[in-house]
Amino acid sequence: MEAFDTYQTPLSSRYASKEMAHLFSPANRFHTWRKLWLNLAIAEKELGLPISDEAIEQMKVNLHLDAQQFDVAAVEEKKRRHDVMAHVHTFGQVAPAAAGIIHLGATSCYVTDNADLIFIREALTLLLQKLAVVIDRFSVFANQYRDLPTLGFTHFQPAQLTTVGKRTTLWLQELLWDLRNIKRARDDLGFRGVKGTTGTQASFLALFDGDHDKVEELDRRVTTLSGFGYAYPVTSQTYSRKIDIDVLAPLASFGATAHKLATDLRLLANLKEVEEPFESTQIGSSAMAYKRNPMRSERICSLARHLMVLQQNALNTASVQWFERTLDDSANRRITLPEAFLTADIVLTTLQNVSEGLVVYPKVIARRIAQELPFMATENIIMAIVKAGGDRQEAHEKIRVLSHEAAHQVKQLGLENDLIDRVKKDPYFDPIKDQLDALLDPKSFIGRAPEQVDKFLAEWVKPALADEELQGALGKAGKAELNV
């Protein structure tokens, strides 16, 4: 019952994947700190500092904390008011041969900042893989409905026809840009490395008796051991908080994509043309039993708004860092960074779940087209009359009058659009009456939409997903299941 007596963020307790929730967990954080301390000790030993093999071995076999060590760390932190030093002492208790060299020459940001960069990189990788799956699922949907005509909307007013598949490519294009932006942010990410208290590496220069080459090699070696290709050439005590801006920017941008996509689906659900999955035992409303609310799309919009505003925290934090560092970034970043990735993770899982169960209602779509198409077809009817020898201005006037009569039926009397019946009954249009069915075929109003879908999927989506890393993710991906 204890878990129900204290507040827990719904991001981890209710929505997020196990992988992303674990990545930002205390267990993984402090495990990563210990790996960083081990990497530092290995590199320092390689470069000549007197660190024993026993010390290295004890560190290696105690990288994971058990419950007792968490209790010890909590007591130490309460006493010392310093989380890093609490864990230095806790690590030293299980690796006594290393107790005197753990954190040697380092400042707290050696573990906190480098660990954050490790988490960010791994989190971006998880998001890239999930985003690739979402793109794949929507591309299948786009291809399936590449040539199904549907009413287009501008200003949410009826416009020229498009296809269900072509509309989906508009979502896909933005998702592809998100894939590019997130990958770029991950691949640009560097390591803070071994820089010391104000970034001058003075403590390490002292350890190596003024040998600059060894200090530079220490920085390179620890960076390599930690799995990064390069370290930022200069830092203060922290890595620049501008990096957080660069990382959260593509996540916020993805939030905008997801919000727009989910909003379109919510509107389509209202039109009863396309619906998100709805389970047989799902309840849409506690009062109105008949309702099928688009709760998944609504959740996406709700969380996407949260995701979009989190970058503002990074902007504010980066702008107020004084000189070599201030600590007013710490508490904010402890909340902002995990929440951004947990939120993006949840949005992607929900998007995948939606994309794998979208339901299209072609007859509803056809009925709506039938209500609007007669007005759209009037120009084609006029052109057909002219080709049959008629007068363009006379035909225009005939259509104008009949259109207003039909509009009166629709708007004032609430009846169906009977424009085509009126055209068929008017002897003036006898020369083209056998052409009316062809003139009113919805597929004659969709332009190059099917061909655009084919070209877009072949030339843009397929190459983007051909990346070996993403292919691996697609090969392992199952169906997305929601916890709630």
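All values derive from a computational prediction rather than experimental measurement.

## A closer look at the overall build of the chain
Phase 1 of the analysis: When its secondary structure is counted, the chain shows 21 helices and four strands.
Phase 2 of the analysis: Taking 2.2 N^0.38 as the reference for a compact globule, 484 residues should give roughly 23 Å; the C-alpha atoms of the chain span a radius of gyration of 31 Å, well beyond that estimate.
Phase 3 of the analysis: Relative to its 484 residues, the chain shows a buried fraction of 50%.
Phase 4 of the analysis: Relative to all contacts within the chain whose residues are 6 or more apart in sequence, the contacts with residues 24 or more apart total 78%.
Phase 5 of the analysis: When the accessible surface of the chain is summed, it comes to about 24,200 Å², and 53% of that surface belongs to carbon and sulfur atoms.
Phase 6 of the analysis: On the chain, the mean spot of the 57 positive side-chain charges and the mean spot of the 63 negative ones are 3 Å from each other.

## Description of the nonpolar core
Phase 1 of the analysis: Among the nonpolar cores identified, the biggest contains 136 residues, and Trp-37, Met-59 and Phe-341 are the most heavily contacted of them.
Phase 2 of the analysis: The greatest single-element share of this core, amounting to 19 residues, is contributed by helix α8 (residues 108-144).

## With respect to the packing of α8 against helix α21 (residues 468-476)
Phase 1 of the analysis: Look at α8 against α21: their axes get within 9 Å of each other, and the N-to-C directions meet at 70°. Taken together, the axes of α8 and α21 lie roughly perpendicular to each other. Crossing angle aside, the handedness with which α8 passes α21 is right-handed. Where α8 approaches α21, its residues Thr-125, Leu-128, Gln-129, Ala-132, Val-133 and Asp-136 are matched on the opposing element by Glu-469, Leu-470, Ala-473 and Leu-474.
Phase 2 of the analysis: Across the contact of α8 with α21, the residue classes break down as six nonpolar, two polar and two charged.

## Points about the pairing of strand β2 (residues 157-163)
Every regular strand shows the same layout, with side chains that alternate between the two sheet faces.
Phase 1 of the analysis: As paired elements, strand β1 (residues 149-154) and β2 share five bridges and run antiparallel to each other. Each bridged residue has a counterpart across the sheet, and for Thr-154 the counterpart in β2 is Gln-157.
Phase 2 of the analysis: Linking two consecutive strands that pair antiparallel, namely β1 and β2, is a turn of two residues; a positive phi of about 60° is found at His-155 within it.

## What about the packing of aromatic side chains?
Phase 1 of the analysis: In the structure shown here, the tally under the stated rule is 12 aromatic pairs.
Phase 2 of the analysis: Note on Tyr-428 and Phe-429: the rings are 5.1 Å apart at their centroids and 90° apart in plane angle, and the pair reads as edge-to-face.
Phase 3 of the analysis: Accessibility expressed as a relative area gives 0% for Phe-429, which makes it buried.
Phase 4 of the analysis: Sitting above the plane of the Phe-228 ring, Arg-121 keeps its charged end 3.8 Å from the centroid.
Phase 5 of the analysis: Taking the ring centre of Tyr-239 as reference, the NZ or CZ of Arg-241 above it sits at 4.8 Å.

## A short note on the side chain of Thr-343
Phase 1 of the analysis: With respect to the helices, strands and loops of the structure, Thr-343 is situated in helix α14 (residues 330-355).
Phase 2 of the analysis: Judged by relative accessible area, which is 0%, Thr-343 ranks as buried.
Phase 3 of the analysis: Setting aside chain neighbours within four positions, we find Thr-343 in contact with Leu-11, Leu-303, His-306 and Leu-307.

## Describing unusual backbone geometry
Glycine aside, a negative phi is what most residues show, and trans is what most peptide bonds show.
Phase 1 of the analysis: In the Ramachandran plot, Arg-81 falls in the positive-phi region, its phi being about 55° despite a non-glycine side chain.
Phase 2 of the analysis: Summarising the element assignment, Arg-81 is placed in the loop between α6 (67-80) and α7 (83-94).
Phase 3 of the analysis: If you check the backbone angles, His-155 has positive phi at about 60° while not being a glycine.
Phase 4 of the analysis: Under the relative-accessibility criterion, His-155 is labelled exposed at 76%.

## Comments concerning α7
One turn of an α-helix holds 3.6 residues; hence residues three or four places apart share an orientation.
Phase 1 of the analysis: An ideal rise of 1.5 Å per residue puts 16 Å on 12 residues; α7 measures up with 17 Å between its terminal C-alpha atoms.
Phase 2 of the analysis: Looking only at α7, the buried set comprises Asp-83, Val-84, Ala-86, His-87, Val-88, Thr-90, Phe-91 and Gly-92.
Phase 3 of the analysis: Buried residues belonging to α7 abut α4 (26-46), α5 (53-60), α6, α8 and α14.

## Digging into the pattern of salt bridges
Phase 1 of the analysis: According to the stated counting rule, one finds 31 salt bridges in the structure shown.
Phase 2 of the analysis: Among the ionic pairs, Lys-260 bridges to Asp-264, the shortest N-O distance being 2.7 Å. Here Asp-264 and Lys-260 lie together in helix α12 (residues 242-271), a separation of four residues that amounts to about one turn.
Phase 3 of the analysis: Assessed through its relative accessible area of 37%, Lys-260 is described here as partly exposed.
Phase 4 of the analysis: By relative accessible area, Asp-264 is classed as buried at 18%.
Phase 5 of the analysis: Several salt bridges share partner residues, and in doing so they unite Arg-29, Asp-116, Asp-244 and Arg-333 into one network.

## Some remarks on the environment of Leu-148
Phase 1 of the analysis: With respect to the helices and strands, Leu-148 occurs in the loop between α8 and β1.
Phase 2 of the analysis: Classification of Leu-148 by relative accessible area gives buried; the value is 19%.
Phase 3 of the analysis: Through-space distance from the C-alpha of Leu-148 to that of Tyr-361 is 11 Å; in sequence the pair is 213 residues apart.

## Some points on the packing of α8 against helix α9 (residues 164-188)
Phase 1 of the analysis: Their axes nearest at 9 Å, the elements α8 and α9 cross at an angle of 165°. It follows that α8 is roughly antiparallel to α9 by the angle criterion. In this structure, α8 meets α9 at a crossing whose hand is left-handed.

## Concerning the environment of Ile-420
Phase 1 of the analysis: Within the fold, Ile-420 resides in helix α18 (residues 419-425).
Phase 2 of the analysis: When sequence neighbours within four positions are dropped, the list of residues in contact with Ile-420 reads Pro-374, Ile-381 and Leu-440.

## A short note on α4
Phase 1 of the analysis: In a regular helix each residue adds 1.5 Å, so 21 residues correspond to 30 Å; α4 covers 30 Å between its end C-alpha atoms and thus fits that length.
Phase 2 of the analysis: The buried fraction of α4 amounts to 16 of the 21 residues, a majority that puts the element mostly inside the structure.
Phase 3 of the analysis: One or two positions beyond α4, positive phi appears at Gly-48, with a value near 110°.

What counts and how
- Residues numbered from 1 in each chain as written.
- Predicted model: local features only at pLDDT ≥ 70, side-chain atom pairs only at ≥ 80, totals over all residues.
- Heavy atoms only, no water.
- Helix = DSSP H or I, 4+ residues; strand = E, 2+ residues; numbered from the N terminus.
- Rg over C-alpha atoms; globule rule 2.2 N^0.38 Å.
- Buried < 20%, exposed > 50% of the residue type's maximum accessible area, 1.4 Å probe, protein only.
- Contact = heavy atoms within 4.5 Å.
- Areas by Shrake-Rupley, 256 points an atom, 1.4 Å probe, with all protein chains shown as cover.
- Lys, Arg positive; Asp, Glu negative; His and termini not counted.
- Charge placed at Lys NZ, Arg CZ, Asp CG, Glu CD.
- Core = buried A, V, L, I, M, F, W, Y, C linked by side-chain atoms within 4.5 Å.
- Axes fitted to C-alpha atoms, helices over the stretch in contact; angles between N-to-C directions.
- Parallel < 35°, antiparallel > 145°, perpendicular 65-115°, else oblique.
- Left-handed = near helix turned anticlockwise from the far one by under 90°.
- Nonpolar A, V, L, I, M, F, W, Y, C, P; charged D, E, K, R; others polar.
- Pairing = 2+ DSSP bridges.
- Phe/Tyr/Trp six-rings, centres within 6.5 Å; stacked < 30°, edge-to-face > 60°.
- Lys NZ or Arg CZ within 6 Å of the ring centre and 35° of its normal.
- Expected span 1.5 Å × (residues − 1).
- Salt bridge = Lys/Arg side-chain N within 4 Å of Asp/Glu carboxyl O.

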